[in-house]
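Inside the fold
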Amino acid sequence: MKCPICNSEMTCKKSTYHYQESGLDNIYLSDVEIYNCACGEEFVSIPAGADLHTLIGLDIVKKNALLNGKEIRFLRKNMGLTAKKLSEYTGINNATISRWENGTQSISKPHDLYLRLLYLTNKGIPHDTIRHLIEDNFPNVKPEAKNTIKHTISIQSMPQTENCQIAS
Ligand SMILES: [Zn+2]
């Protein structure tokens with residue numbers, strides 16, 4: 001790949017990338033192709049948005065701590081819902097959703113699991129997978145669990161723009 005600034009050949013390495021563009025603090029993508037040029041230019045090759053965000057969402061709904069505000073917002077947006085629509089569909093007060101997302105109020109465990117189920121249904125996840133999550137993951141969601149889980153998402157299964165040429 002040529003550098004868009006100076007047109008030199010860029011070097012490439014596969015590395016773990018802290019994906020802050022997701023709007024979440026704790027998402028890391030493994031095996032991301034990162035191109036660097038001697039001039040200082042850097043290009044990070046991140047696969048196209050929608051599928052990647054669903055991979056992230058599916059990792060989030062498996063966590064054993066309650067959803068934090070940023071995660072609730074991420075799941076809602078990834079479902080394509082405004083806070084108003086989510087309120088209409090679930091009967092949860094709009095102001096409550098705002099307080100969860102702003103981090104001024106913690107979500108309760110029943111509401112948390114309800115949102116996870118809504119997300120799984122919205123994404124068309126197969127019934128067997130949902131049942132497995134309900135039976136194996138949901139009982140392990142503990143309100144007292146520390147909310148500092150680092151999510152590392154493997155993007156190896158996703159199509160990439162180019163294959164990384166290992167620099168000689
Ligand atoms: Zn350059």
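The residue numbering used here restarts from 1 in each chain and proceeds along that chain's sequence as written. Local features in this predicted model are restricted to residues of pLDDT 70 or higher, and side-chain atom pairs are both shown and tallied only at a pLDDT of 80 or more, whereas totals for entire chains, interfaces and linings draw on every residue.

**A few points about the overall build of the chain**
Scanning the chain from N- to C-terminus turns up six helices and four strands. Starting at the N terminus and walking to the C terminus, you meet the elements of the chain as β-β-β-α-α-α-α-α-α-β. A principal-axis box enclosing the C-alpha atoms of the chain has dimensions of 55 × 35 × 30 Å. Going through the 168 residues of the chain one by one, you find that 20% of them count as buried. Here a helix means four or more residues in a row that DSSP labels H or I, a strand means two or more in a row labelled E, and each is numbered from the N terminus. As a rule, residues whose C-beta atom has 12 or fewer other C-beta atoms within 10 Å are exposed, those with 20 or more are buried, and those in between are partly exposed; C-beta atoms are placed from the backbone.

**A short note on the nonpolar core**
Grouped together as the largest cluster of nonpolar side chains are 20 residues, with contacts concentrated most on Leu29, Ile72 and Leu75. Mapped onto this core, the elements with two or more residues apiece are β2 (27-36), α1 (49-60), α2 (69-78), α4 (94-102) and α5 (109-122). Here this core gathers at least three residues from each of two domains, domain 1 (1-47 + 150-168) and domain 2 (64-148). Any pair of residues counts as being in contact when their C-beta atoms, constructed from backbone geometry, are within 7 Å of one another. Beyond its immediate sequence surroundings of up to four residues, leucine 75 is in contact with Gly57, Ile60, Leu115 and Tyr119. To form a nonpolar core, buried Ala, Val, Leu, Ile, Met, Phe, Trp, Tyr and Cys residues must be joined through C-beta atoms within 7 Å. Boundaries between domains were set according to an automatic or database domain assignment.

**Quick word on α4**
Along α4, the positions that sit buried rather than exposed are Ile97, Trp100 and Glu101. Each buried residue of α4 lies within a common arc of 95° when the element is viewed along its axis, so the set occupies one face. Residues of α4 that are exposed and angled more than 90 degrees away from the buried face: Ala95 and Asn102. Where α4 is buried, its residues contact α2 and α3 (83-90). Phi turns positive one or two residues past the end of α4, at glycine 103, with a value near 80°. To obtain the arc, one takes the directions from the helix axis to the C-beta atoms.

**With respect to the environment of methionine 1**
With respect to the element layout, methionine 1 can be found in the segment before β1 (11-18). Methionine 1 sits in the partly exposed class, given 16 other C-beta atoms within 10 Å. When the C-alpha positions of methionine 1 and cysteine 37 are compared, they lie 9.8 Å apart, and in sequence the two are 36 residues distant.

**What about the domain arrangement of the chain?**
Assigned domains of the chain: these are domain 1 (1-47 + 150-168) and domain 2 (64-148). Placing a centre on the C-alpha atoms of domain 1 and another on those of domain 2 gives a separation of 30 Å. Opposite the four residues of domain 1 that make contact, domain 2 presents four residues. Following the grouping adopted for this structure description, the nonpolar residues are Ala, Val, Leu, Ile, Met, Phe, Trp, Tyr, Cys and Pro, the charged ones are Asp, Glu, Lys and Arg, and the polar ones are all others, Gly among them. In the side of domain 1 that touches domain 2, the residues fall into one nonpolar, two polar and one charged.

**Some remarks on unusual backbone geometry**
A positive phi angle is found at asparagine 7, which is not glycine, with a value near 70°. Relative to the helices and strands, asparagine 7 is located in the segment before β1. Positive phi values are uncommon outside glycine, yet aspartate 31 reaches one of about 60°. On the secondary structure map, aspartate 31 appears in strand β2.

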